[in-house]
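Inside the fold
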Amino acid sequence: MKVPVKVDGRELTLSNLDKVLYPEYGFTKAEVIDYYSRVAPVLLPHLQGRPLTVKRYPNGVDGAFFFEKNAPQHTPSWVRRVTLPVPGSTKNRETIEFAIVEDLATLAYYANLAALELHVPQWRVSKDGEALPPDLLVLDLDPGAPATIVDCCRVAVHIREVLAEDGLTATPKTSGNKGMQLYAPWDDRVEPSNYARSLAQRLEKEHPRQIVSVMTKKLRPGKVFIDWSQNNPAKTTVAPYSLRARPRPTVSTPLLWEEVEACESPDELVFTAADVLARVDDHGDLFAQA
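Residues numbered from 1 in each chain as written. Predicted model: local features only at pLDDT ≥ 70, side-chain atom pairs only at ≥ 80, totals over all residues. Heavy atoms only, no water.

With an unreviewed UniProt entry as reference, the protein is termed Bifunctional non-homologous end joining protein LigD, source organism Nonomuraea dietziae.

Things to note about the environment of Ile211
One can find Ile211 in strand S13 (residues 211–212). The spatial distance from the C-alpha of Ile211 to the C-alpha of Asp151 is 9.4 Å, given a sequence separation of 60 residues. Apart from residues lying up to four places away in sequence, Ile211 is in contact with Val155, Ala200, Leu203, Glu204, Lys223, Val224 and Ile226. (Helix = DSSP H or I, 4+ residues; strand = E, 2+ residues; numbered from the N terminus. Contact = heavy atoms within 4.5 Å.)

Some remarks on the sheet that holds S13
Spatial ordering of the open sheet is given by S11-S12-S10-S14-S13, a layout of five strands whose pairing is mixed. In this open sheet, the two edge strands, each paired with only one partner strand, are strand S11 (171–174) and S13. Across four bridges, the pairing between S11 and strand S12 (residues 180–185) is antiparallel. Bridged to Thr174 within S12 is Met180. (Pairing = 2+ DSSP bridges.)

Quick look at the pattern of salt bridges
All told, the structure shown has 14 salt bridges when counted by the stated rule. Notably, a salt bridge pairs Asp135 with Arg50, separated by 2.9 Å at the nearest N-O pair. Residue Asp135 is found in the loop between strand S9 (115–120) and strand S10 (136–143), and its partner Arg50 is found in the loop between helix H1 (29–47) and strand S5 (53–56); the two are separated by 85 residues along the sequence. A salt bridge links Arg160 to Glu261; its shortest N-O distance comes to 2.9 Å. (Salt bridge = Lys/Arg side-chain N within 4 Å of Asp/Glu carboxyl O.)

Side note on the pairing of strand S1 (residues 2–7)
Looking at chain direction, S1 and strand S2 (residues 10–15) are connected through six bridges and run antiparallel. Residue pairing across strands places Lys6 opposite Glu11, the latter belonging to S2. Between S1 and S2, which pair antiparallel one after the other, the connecting turn spans two residues, and Asp8 there sits at a positive phi close to 50°.

Digging into the domain arrangement of the protein
Annotation of the protein at the domain level lists domain 1 (2–121 + 236–249) and domain 2 (134–227). For domain 1 versus domain 2, the distance between C-alpha centres works out to 27 Å. On the side of domain 2, nine residues touch domain 1, which itself brings seven residues to the contact. When domain 1 packs against domain 2, close to 620 Å² is buried across both sides, 46% of that on carbon and sulfur atoms. Of all residues in domain 1, Arg50, Thr237 and Arg244 give up the largest surface area on contact with domain 2, accounting jointly for 59% of the area buried on that side. On inspection of domain 1 and its partner domain 2, the count reaches four residue pairs in polar contact (both at pLDDT 80 or more). Counted by class, the side of domain 1 that touches domain 2 contains three nonpolar, one polar and three charged residues. (Domains from an automatic or database assignment. Buried area = accessible area lost by both parts, 1.4 Å probe. Polar contact = N/O pair within 3.5 Å; in protein donor to acceptor, adjacent residues only side chain to side chain. Nonpolar A, V, L, I, M, F, W, Y, C, P; charged D, E, K, R; others polar.)

Shown next, in the form of structure tokens:
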């Protein structure tokens, strides 16, 4: 069944609204669109100007998925798009036409495509579509079992202290999966990947039982891997307030530092779409400074 709607004056056709995309939770496409529509006021500022990569799950989280960088051929003409070079593309493409999600109608369009996960880089494009220098530093904390997000929280506090020494203010969020990320506004003082790598190596040296700074899997059990490589301009990170394709409709959720410091169980930092909407009502956008 197809349903024509108007979103902020833009015409859209929504389809298969009763399709269950999260079978374990009974969460439908209509609920995905509703979540993204309601969280849009705090989500859109973090997508503004950032080329979009999505993970689409047309048959739900238990089915096949695919990454999509190119704006689909049927993308409405009113969706902003920019053509950017992609050196080293795995598909031997010289350029990709990316969508930029800057309004509610575009967000609803992608939600209707079952684009459950929204990923963006740490840089924006100018009004003319030119890539700008990175404006964010991100550190992705990935726990190696039996370590959990509780261990990530302890490492996050160490990172916050080091960033503060350099005049940077860290903002935490869950990944919506098993780990978390820290962001800090970036002033282009040096190349961000080099800075992040040096920071990770310093912390590994200071806390060798807790932290690892290299991706080698045999070194990671029981430790937290600080993935500094997310600052590579070609990489993206899941956006704040994005759903994740987990059995439950969990969300990459901004956190209070008090929650990070007090965390004693992984369950304390698992937030579903409904939880996040309630948190936004209570706290507004905890990620506003990032």
